[in-house]
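Here are the chains, one letter per residue:
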Amino acid sequence: MDFVPGMLKLSYDYENEEGVSWVTLEFDGAIASQFIPDISVTERMLSAYSRVCECLNSEWIADLTLEAQKHGATFPNDRRHLFVYFDHAGCIEVLASNVKIEE
C-alpha cells in the first residue's frame, strides 16, 4: 500500500482460471484510511468481499466534518466512504473522492 497526500494505492493478488492476477485500487483525493482486522469486521464490511462498496450516510465522515467545524475548517464535501473486505484479512476503509480499479 502506498499513501501520499491525496492518493492511496492498494495492490492485491487473487486467483483465477489463468493463475494469479493482480488488481490495483487507486483512491484519488484520499484524506483518511483505516484497516479493520478480520476479527472485528461488521456485516456491512463483509458485503464488500473483493469489491469496492460505498457507505452512504457515513458516521466517519459526519464525525470528521464535526471536528473540522470545531476548528473553524471545512471538511471536503466531495469525499466518499469507500471500503473493501479481504477474506481472512480484514477491511480497508478510505475517505476519497473517487477510486480507479486497474487489473
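The following paragraphs examine the structure supplied in this document. What you see is a predicted model, and the numbers here were worked out from it, not measured in a lab.

**Observations concerning the side chain of E93**
Consideration 1: One can find E93 in strand β7 (residues 90-96).
Consideration 2: Within polar-contact distance, the side chain of E93 engages the side chain of H81 at 2.6 Å.
Consideration 3: Apart from the residues within four sequence positions on either side, E93 is in contact with A32, S33, Q34, I36, R44, M45, W60, H81, L82 and F83.

**Observations concerning the nonpolar core**
Consideration 1: By size, the foremost hydrophobic cluster in this structure holds 14 residues, and its most contacted members are L25, F27 and V94.
Consideration 2: Listing elements by their share of this core, those giving two or more residues are β2 (6-16), β3 (19-30), β6 (80-86) and β7.
Consideration 3: At four residues, β3 tops the list of elements feeding residues into this core.
Consideration 4: When residues no more than four places from it in sequence are discounted, the contact partners of L25 are L8, K9, L10, Y12, V52, V84, V99, K100 and I101.
Consideration 5: If you look at the next biggest cluster of nonpolar residues, it comprises nine residues, including V41, M45, C53 and Y85.

**Regarding the state of the cysteines**
Consideration 1: For the structure shown, the criterion picks out zero disulfides.
Consideration 2: For the unlinked cysteine C53, the closest cysteine sulfur is that of C91, found at 8.8 Å.

**Details of the sheet that holds strand β5 (residues 53-55)**
Consideration 1: If you trace the four strands from one edge of the open sheet to the other, you get β4-β7-β6-β5, paired in antiparallel fashion. Taken across any chain shown, the strands that pair with only one partner, and hence form the sheet edges, are β4 (32-37) and β5. Sheet twist, expressed as the average angle between the axes of neighbouring strands with direction ignored, equals 25°.
Consideration 2: Where helix α2 (residues 59-70) meets the sheet, it contacts β4, β6 and β7, and its direction lies at approximately 45° from that of β7.

**Looking at α2**
In an α-helix, one full turn covers 3.6 residues, which means residues spaced three or four apart are oriented alike.
Consideration 1: Here α2 is 12 residues long and its end C-alpha atoms lie 16 Å apart, about the 16 Å a rise of 1.5 Å per residue gives.
Consideration 2: Among all positions in α2, only W60, I61 and A68 are buried. Summarising the axial view, the buried residues of α2 lie within an arc of 95°, below the 170-degree limit, and thus occupy one face. Across α2 from its buried face, at more than 90 degrees, point the exposed residues E59, Q69 and K70.
Consideration 3: N-cap assignment for α2: the residue whose side-chain oxygen lies 3.2 Å from the backbone N of W60 is S58.

Reading guide: rules and limits
- Residues numbered from 1 in each chain as written.
- Predicted model: local features only at pLDDT ≥ 70, side-chain atom pairs only at ≥ 80, totals over all residues.
- Heavy atoms only, no water.
- Helix = DSSP H or I, 4+ residues; strand = E, 2+ residues; numbered from the N terminus.
- Polar contact = N/O pair within 3.5 Å; in protein donor to acceptor, adjacent residues only side chain to side chain.
- Contact = heavy atoms within 4.5 Å.
- Core = buried A, V, L, I, M, F, W, Y, C linked by side-chain atoms within 4.5 Å.
- Buried < 20%, exposed > 50% of the residue type's maximum accessible area, 1.4 Å probe, protein only.
- Disulfide = S-S within 2.5 Å.
- Pairing = 2+ DSSP bridges.
- Axes fitted to C-alpha atoms, helices over the stretch in contact; angles between N-to-C directions.
- Expected span 1.5 Å × (residues − 1).
- Arc of directions from axis to C-beta.

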